[in-house]
Amino acid sequence: MRVRVLGSAAGGGCPQWNCACAVCADARRTGRNRTQDTVAVSGDGSAWYLLNAGPDIRAQILGMPELTPAGRRGTPLRGVLLTTAELDHTLGLLSLREAARLSVHATATVTAALSAAFPLRPMLARYTDLDWRDLTDPLELDGGLTVRRLTVGTKRPKYAVDAPGDDWVSALRLTDDRTGASFVYATCLPEWTGAFDTFVAGADEVLLDGTFVTDDELTRATGRPGRAASMGHLPMADSRPRAGGHPGTRFRYGHLNNTNPSTGADVVVDGAELFGP
Ligand code: MLT
Ligand code: MN
Ligand code: ZN
């Protein structure tokens, strides 16, 4: 299995265009750049899937040699798996409208939001033949990956606060059918429930919600209101001890908000490869 972090930031990226908090200012000074949360996965190195499609997707794809078109037209990309309906996870679909065909896997709740409140699906149908499918549990992907799905949250995007449905935020567990290696993707995780603890048990690698280190980080850094808990993000300070209960599993953090100053080895950067090539 291959797992490449194409983008490691939360919505807005880092530096965020209109932010001069300490982390954004330092990123400008040093030239560091985090693009928005998207991960590329493959079971066989030739059929690739995206976990979410953020607004930086074009540059992210161009920066990944494995996604170079074969022949005059084409792509090794087979599809996109959406774990939320948030703008930072879905806007990239608009930039994939040149595709001849891609599958998009999402829960019925997310697909409904992207059909009505934010009508990406009917819009894109005018441009390309996206094959929208339910993100079933389990789901078999080309290239020998099996995906399990767990609903971890019900936070709706701001544009869909009144929309119906329960399966708004998912964690995914991908297993390589040949080697048994497994990877859990949970970059939006509101709480560490017993069900989530079981979901990650025995995994080799986990990419966790690294939006904030502490619950009050956003207000401390920018003066803007908003606690991590109310935004559906379990702070790293609270997930680290829970991760510590799984000594055989490597936990790393992605989807960092621009206020998150973390630089440790358990924080991924753009381009990180979670399983060796
Ligand atoms: C989130 O992760 O909480 C959302 O993506 C917030 C946003 O970007 O608006
Ligand atoms: Mn987000
Ligand atoms: Zn900032």
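Calculation notes
- Residues numbered from 1 in each chain as written.
- Chains lettered and ligands numbered in written order.
- Predicted model: local features only at pLDDT ≥ 70, side-chain atom pairs only at ≥ 80, totals over all residues.
- Heavy atoms only, no water.
- Helix = DSSP H or I, 4+ residues; strand = E, 2+ residues; numbered from the N terminus.
- Buried < 20%, exposed > 50% of the residue type's maximum accessible area, 1.4 Å probe, protein only.
- Polar contact = N/O pair within 3.5 Å; in protein donor to acceptor, adjacent residues only side chain to side chain.
- Contact = heavy atoms within 4.5 Å.
- Donors = N, O, S within 2.8 Å, 3.2 Å for Na, K, Ca; no water.
- Tetrahedral: all angles 85-135°; square planar, octahedral: opposite > 155°, others 65-115°.
- Pairing = 2+ DSSP bridges.
- Axes fitted to C-alpha atoms, helices over the stretch in contact; angles between N-to-C directions.
- Salt bridge = Lys/Arg side-chain N within 4 Å of Asp/Glu carboxyl O.

Caption draft 1: Up close: the side chain of Ser 42. Note that Ser 42 resides in strand E2 (residues 38-42). Looking at Ser 42, the relative accessible area reads 0%, which means it is buried. A distance of 2.7 Å separates the side chain of Ser 42 from the backbone oxygen of Ala 47, its partner in a polar contact. Residue contacts for Ser 42: discarding those within four places in its chain leaves Met 1, Arg 2, Ala 47, Trp 48 and Leu 145.

Caption draft 2: Structural context of the coordination of the manganese ion (ligand 2). Asp 88 (OD) and His 255 (NE2) make up the full set of protein donors to the manganese ion (ligand 2), lying at 2.1 to 2.3 Å. One end of the pair, Asp 88, is in helix H3 (residues 87-90); the other, His 255, is in the loop between strand E12 (250-254) and strand E13 (273-275), and 167 residues separate them in sequence. A single burial state applies to Asp 88 and to His 255, both of which are buried.

Caption draft 3: Summary view of the coordination of the zinc ion (ligand 3). Distances from the zinc ion (ligand 3) to its protein donors, Cys 19 (SG), Cys 21 (SG), Cys 24 (SG) and Asn 258 (OD1), fall at 2.1 to 2.3 Å. What the four donor atoms of the zinc ion (ligand 3) show is an angle range of 101 to 117° at the metal, which sorts the shape as tetrahedral. Taken in chain order, the donor set of the zinc ion (ligand 3) reads C-x1-C-x2-C-x233-N. Taken together, the residues span a long stretch of sequence, with Cys 24 in helix H1 (residues 22-30) and Asn 258 in the loop between E12 and E13 at a distance of 234 residues. The burial state of Cys 24 is the same as that of Asn 258; both residues are buried.

Caption draft 4: Main features of the sheet that holds strand E3 (residues 48-51). Taken together, the seven strands give an open sheet; going across it, the order is E6-E5-E4-E3-E2-E1-E13, and neighbouring strands pair in mixed fashion. Lying at the two open borders of the sheet, with one neighbouring strand each, are strand E6 (129-134) and E13. Averaged over all adjacent pairs, the angle separating strand axes in this sheet is 25°, with direction ignored. Pairing between strand E4 (residues 77-81) and strand E5 (residues 101-106): three bridges, direction parallel. Among the inter-strand pairings, Gly 79 is bridged to a residue of E5, identified as Ser 103.

Caption draft 5: Expanded view of the pattern of salt bridges. Taken as a whole and assessed by the stated rule, the structure comprises 18 salt bridges. Among the ionic pairs, Arg 4 bridges to Glu 273, the shortest N-O distance being 2.7 Å. Of this pair, Arg 4 sits in strand E1 (residues 2-7) while Glu 273 sits in strand E13, and the two are 269 residues apart along the sequence. Judged by relative accessible area, which is 12%, Arg 4 ranks as buried. Assessed through its relative accessible area of 22%, Glu 273 is described here as partly exposed. Measuring nitrogen to oxygen at the nearest pair gives 3.3 Å for the salt bridge that ties Lys 155 to Glu 86. Linking Lys 155 in the loop between strand E8 (145-153) and strand E9 (169-176) with Glu 86 in the loop between E4 and H3, this pair joins segments that are 69 residues apart in sequence. If you follow the salt bridges from partner to partner, you end up with Arg 2, Arg 4, Glu 66 and Glu 273 in one network.

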